[in-house]
Amino acid sequence: MKRNLLAIAIPALLVAGAANASIEVWNKDGNKVDFYGRVKAVNHITDRAQKDEGDGTSARLGMSGQTQITDSITGYGRWEYETKTGKGSWDETRYAFAGLNFGDAGSFDYGRNDGVLKAITAYTDVLPEFGGDASNNNWYVLSKRTKAVATYRNNNFFGLTDDISFALQYADNGDNSDSRDRFKGSSKEAWGANVQWRIFDTGLTAGAGYAQTAGSSDRNSTWSTGLKYDNYNLYLAANYFQSKFKNYYTAVWRDGVTKDLDKKMRGFELVAQYGIDLEVGRLTPSIAYVQHKIKRDSANFVRGNYRYISRGFNSPMEKYVSVGATYDLNKNFSTFIEYQFNLLDNDDEGAKNRTTNQRYKKQNKPGTKDVLGIGMIYQF
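Here the structure is a predicted model, which means the values were calculated and not measured.

Colleague: Please provide a residue-by-residue account of the overall build of the protein chain, values included.
Modeller: A count of helices and strands for the protein chain gives two helices and 21 strands. In terms of overall size, the protein chain behaves like a compact globule, its C-alpha atoms giving a radius of gyration of 22 Å where 380 residues would be expected to give roughly 21 Å. For the protein chain, the C-alpha atoms occupy an extent of roughly 80 × 45 × 40 Å along the three principal directions. Buried positions account for 47% of the 380 residues belonging to the protein chain. Summarising the internal contacts of the protein chain: among those between residues at least 6 apart in sequence, 59% fall at separations of at least 24.

What follows is the structure, given as structure tokens:
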């Protein structure tokens, strides 16, 4: 997804990105309301038996507002809705939260919002069409938009420096990873934190984060690190992620012996982009490498006179090279093209996950095919 597509021009929000375009519908007596939106027309050209093939057209509409309560306190809120009109159409409330900004003391908000690790995954979630694999799946704790999150953010380390920011977050049954609460049956409670350091005036930013779910015997935990360089039209970014799902699998032998085994996820993403100013608009070529692997632990132990063995596995869930470009004609209209060189093999878990219809003699063959994404975006 593009770095510069969509965001809100309200400093109090302290959420994704910097504003490109919005419509101010009210600004009086310390109260301000903006509307923004976009229409994205896109098609993914690949094997028809691959997941997400075909039309992916969508539309978004959002509202953001703020009100000046005192000289140092501002109230704010954001709502955003998306409908997908293409293949497998569905609707979603992307954001719905409200909060208070206390200036140098930070801000606090509650509602449906980004997980605290999304600030780190965003470093590489900048591709013209694809990417965002770390934040669009259930592999990592608090890494995507999720419900019922209370978030404290401070963007200038209590007014001491603009180069250091951090966030703390608690999710009340709002974890986005593959976790289940034994009482409510929904996702588990979780908490997390991130810290980012803008390294003086070098254009470099380093970030790290940690998040985990509640409980001890079946805890999910994730840590992530990232580094990005954004200066002089050049953008470079790298991310690493690691998750552990404790006692996720249960191996069962014929005599009834069982053993709980862990699941692990590891991934890294690399991106390079360069912006070229043209007579009309701006062209941004992009190249990226993405890999995320799933690992299930093996078991090998002796009980009584018997040895019990359970084979684990280590297999890619995503593995591809992306080459593409975005052409921004102006701040409201852009086109893009991106080709994804799929590096998955037939026996990889990712190929199985991508395949919606086994139409070939070779198992999971559709999930190994390359994908071409092409589209246009209008936004305001």
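Colleague: So, the pattern of salt bridges: which residues are in play, and what are the values?
Modeller: Using the criterion set out here, one finds 15 salt bridges in the structure. One salt bridge connects R48 with E53, and the closest N-O pair in it is separated by 3.8 Å. Residue classification places R48 among the exposed residues on the basis of a relative accessible area of 64%. Overall, the relative accessible area of 9% leaves E53 in the buried class. In this structure, R94 engages E80 in a salt bridge whose closest nitrogen and oxygen atoms are separated by 2.4 Å. Of this pair, R94 sits in strand β6 (residues 90-101) while E80 sits in strand β5 (residues 74-84), and the two are 14 residues apart along the sequence. Comparing R94 with E80 shows no difference in burial state: the two are buried. Ionic contacts of the salt-bridge type, sharing partners, join the residues R60, R78, E80, E82 and R94 into one network.

Colleague: Got a sec to walk through the packing of aromatic side chains? Specific residues and values, please.
Modeller: Scanning the model with the defined rule gives 20 aromatic pairs in all. Where W197 meets F200, the ring centres are 5.8 Å apart and the plane angle is 85°; that geometry is what we call edge-to-face. Take W197: its relative accessible area is 38%, and that puts it in the partly exposed class. For the ring pair F268 and Y289, a centre distance of 5.6 Å and an interplane angle of 35° mean the geometry is tilted. One end of the pair, F268, is in strand β14 (residues 258-274); the other, Y289, is in strand β16 (residues 282-296), and 21 residues separate them in sequence. Here Y289 falls in the partly exposed class, since its relative accessible area comes to 22%.

Colleague: Explain a nonpolar patch on the surface residue by residue, including any values.
Modeller: There is a patch of nonpolar side chains on the surface, built from I23, V25, W26, F35, L61 and W79 and spanning about 530 Å² of accessible area. For the nonpolar patch, the element with the most residues is strand β1 (residues 23-28), which contributes three residues. Position of F35 relative to the elements: it lies in strand β2 (residues 31-45).

Colleague: Mind laying out unusual backbone geometry, listing which residues take part and the relevant values?
Modeller: Positive phi, close to 50°, is recorded for A148, a residue that is not glycine. Position of A148 among the secondary structure elements: in strand β8 (residues 145-154). The residue F157 is not glycine, and still its phi comes out positive at about 45°. Structurally, F157 can be placed in the loop between β8 and β9 (164-171).

Colleague: Lay out the nonpolar core with the relevant residues and their values.
Modeller: Proteins that are soluble and globular tend to have nonpolar side chains buried together. One finds I120, Y123, V126, L127, F130, Y235, A237, V271, A288, V290, Y320 and V371 forming the largest nonpolar core, which totals twelve residues. Within the residue set of this core, elements represented by two or more residues are β13 (234-252) and β16. Those residues in contact with V371, other than ones at most four positions away along the chain, are H44, I45, T46, Q50, F130, E338, Y339, Q340 and R354. Ranked by size, the runner-up nonpolar core spans nine residues in total, among them V116, L117, V141 and A167.

Colleague: Describe the pairing of β5, listing the residues and the values that go with them.
Modeller: Side chains on a regular strand alternate between the two faces of the sheet. Pairing analysis gives eleven bridges linking strand β4 (residues 58-68) to β5, with the strands arranged antiparallel. Following the sheet pairing, Q66 is matched in β5 by Y76. Counting the residues in the hairpin turn of β4 and β5 gives five residues. Looking at chain direction, β5 and β6 are connected through eleven bridges and run antiparallel. Residue pairing for β6: E82 is matched across the bridge by E92. In textbook terms, the turn of a hairpin is the stretch between consecutive antiparallel strands, and for β5 and β6 this stretch comprises five residues, one of which, G88, has a positive phi near 65°.

Colleague: Would you mind going over the side chain of S322 in detail, with residue names and values included?
Modeller: Tracing the chain through its elements places S322 in strand β19 (residues 313-328). According to the relative accessible area criterion, S322 is buried, its value standing at 0%. Polar side-chain contacts of S322 include one of 2.3 Å to the side chain of E338.

So, how was this worked out
- Residues numbered from 1 in each chain as written.
- Predicted model: local features only at pLDDT ≥ 70, side-chain atom pairs only at ≥ 80, totals over all residues.
- Heavy atoms only, no water.
- Helix = DSSP H or I, 4+ residues; strand = E, 2+ residues; numbered from the N terminus.
- Rg over C-alpha atoms; globule rule 2.2 N^0.38 Å.
- Buried < 20%, exposed > 50% of the residue type's maximum accessible area, 1.4 Å probe, protein only.
- Contact = heavy atoms within 4.5 Å.
- Salt bridge = Lys/Arg side-chain N within 4 Å of Asp/Glu carboxyl O.
- Phe/Tyr/Trp six-rings, centres within 6.5 Å; stacked < 30°, edge-to-face > 60°.
- Patch = residues over 30% accessible without salt bridge, like charges linked within 9 Å, V, L, I, M, F, W, Y side chains within 5 Å.
- Areas by Shrake-Rupley, 256 points an atom, 1.4 Å probe, with all protein chains shown as cover.
- Core = buried A, V, L, I, M, F, W, Y, C linked by side-chain atoms within 4.5 Å.
- Pairing = 2+ DSSP bridges.
- Polar contact = N/O pair within 3.5 Å; in protein donor to acceptor, adjacent residues only side chain to side chain.

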